[in-house]
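One-letter residues, chain by chain:
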Amino acid sequence: MKNKEIKELVEDINKQCSDFIAYPDFVEIMTPRMKLKDTKEEIYKIFQIFDNKNQGKLNYRHLKRIAQELGEDLADEELQEMIDEADRDGDGCLNFDEFYRVMIKRGDDPLEFLDSDE
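Trainee: Run through the nonpolar core, naming residues and quoting values.
Mentor: In terms of nonpolar packing, the biggest core is built from 16 residues, with I43, L58, L63, I66 and F99 touching the most fellow members. Looking at this core, the elements that each hand over two or more residues are helix 2 (23-50), helix 3 (60-69), helix 4 (76-86) and helix 5 (96-104). In this structure F99 touches I43, I46, F47, L58, L63, I66 and L94, once residues within four positions along its chain are discounted.

This is the structure in structure tokens:
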């Protein structure tokens, strides 16, 4: 986070218009950012598990396995459409940033499937 962004956040949240920020306001600012950071680290760990050859990318075969292990019943065409939509560099695979965007699109808690008993 850049200094300018921090200053803007403090100005937006600081209800007392002083040079200091109250602890509750600080928590309000930082909690969502910390959750996102933790989530990104967790998603990276998942990415590494499926990237078993440490190539830095996941191909169709990897993603099919992920979908099956998550209990997602995706048709091959649906999975390929997901890859095509997420694959920003056009190499037919998903690097971590592309994979992360897919996982975040799952909703508020992209890791909720880890808590599942299914």
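Trainee: Explain a negative patch on the surface to me, and be specific about the residues and the numbers.
Mentor: On the surface, a cluster of negative charge is made up of D73, E77, E78, E81 and D84. Relative to the helices and strands, E77 is located in helix 4.

Trainee: Let's hear about the environment of R101: which residues, and what values?
Mentor: Mapped onto the secondary structure, R101 falls in helix 5. In this structure, the C-alpha to C-alpha distance between R101 and A86, residues 15 residues apart in sequence, is 7.4 Å. From its side chain, R101 meets the backbone oxygen of D97 in a polar contact 2.7 Å long.

Trainee: Now, about the packing of helix 3 against helix 4: what can you tell me, with residues and values included?
Mentor: Running from N to C, helix 3 and helix 4 point in directions that differ by 120°, and their axes come no closer than 11 Å. Taken as a pair, helix 3 and helix 4 cross one another with a handedness that is right-handed. Contacts between helix 3 and helix 4 involve Y60, L63 and K64 on the former and, on the latter, D76, L79, Q80 and I83. When its residues are assigned to classes, the contact of helix 3 with helix 4 shows 4 nonpolar, 1 polar and 2 charged.

Trainee: Go over the pattern of salt bridges, please, and point to the residues and values.
Mentor: With the rule as written, the count across this model stands at 2 salt bridges. The salt bridge partner of K45 is E42, with a shortest N-O separation of 3.4 Å. One end of the pair is K45 and the other is E42, both in helix 2 and 3 residues apart, which spans about a single turn. Here K45 falls in the partly exposed class, since its relative accessible area comes to 46%. With its nearest N and O atoms 2.8 Å apart, the salt bridge here joins K64 to D76. One end of the pair, K64, is in helix 3; the other, D76, is in helix 4, and 12 residues separate them in sequence.

Trainee: Quick one: what's the story with the packing of aromatic side chains, residue by residue and with numbers?
Mentor: Here the structure, examined in full by the defined rule, presents 5 aromatic pairs. Centroid distance Y44 to F47: 6.4 Å. Interplanar angle 20°. Geometry classified as stacked. In this pair, Y44 and F47 are both assigned in helix 2, 3 residues apart and thus about one turn of the helix distant. What makes Y44 partly exposed here is its relative accessible area of 37%. Connected via pairs of aromatic rings, a cluster forms that spans Y44, F47, F96, F99 and Y100.

Rules used throughout
- Residues numbered from 1 in each chain as written.
- Predicted model: local features only at pLDDT ≥ 70, side-chain atom pairs only at ≥ 80, totals over all residues.
- Heavy atoms only, no water.
- Core = buried A, V, L, I, M, F, W, Y, C linked by side-chain atoms within 4.5 Å.
- Buried < 20%, exposed > 50% of the residue type's maximum accessible area, 1.4 Å probe, protein only.
- Helix = DSSP H or I, 4+ residues; strand = E, 2+ residues; numbered from the N terminus.
- Contact = heavy atoms within 4.5 Å.
- Patch = residues over 30% accessible without salt bridge, like charges linked within 9 Å, V, L, I, M, F, W, Y side chains within 5 Å.
- Areas by Shrake-Rupley, 256 points an atom, 1.4 Å probe, with all protein chains shown as cover.
- Salt bridge = Lys/Arg side-chain N within 4 Å of Asp/Glu carboxyl O.
- Lys, Arg positive; Asp, Glu negative; His and termini not counted.
- Charge placed at Lys NZ, Arg CZ, Asp CG, Glu CD.
- Polar contact = N/O pair within 3.5 Å; in protein donor to acceptor, adjacent residues only side chain to side chain.
- Axes fitted to C-alpha atoms, helices over the stretch in contact; angles between N-to-C directions.
- Left-handed = near helix turned anticlockwise from the far one by under 90°.
- Nonpolar A, V, L, I, M, F, W, Y, C, P; charged D, E, K, R; others polar.
- Phe/Tyr/Trp six-rings, centres within 6.5 Å; stacked < 30°, edge-to-face > 60°.

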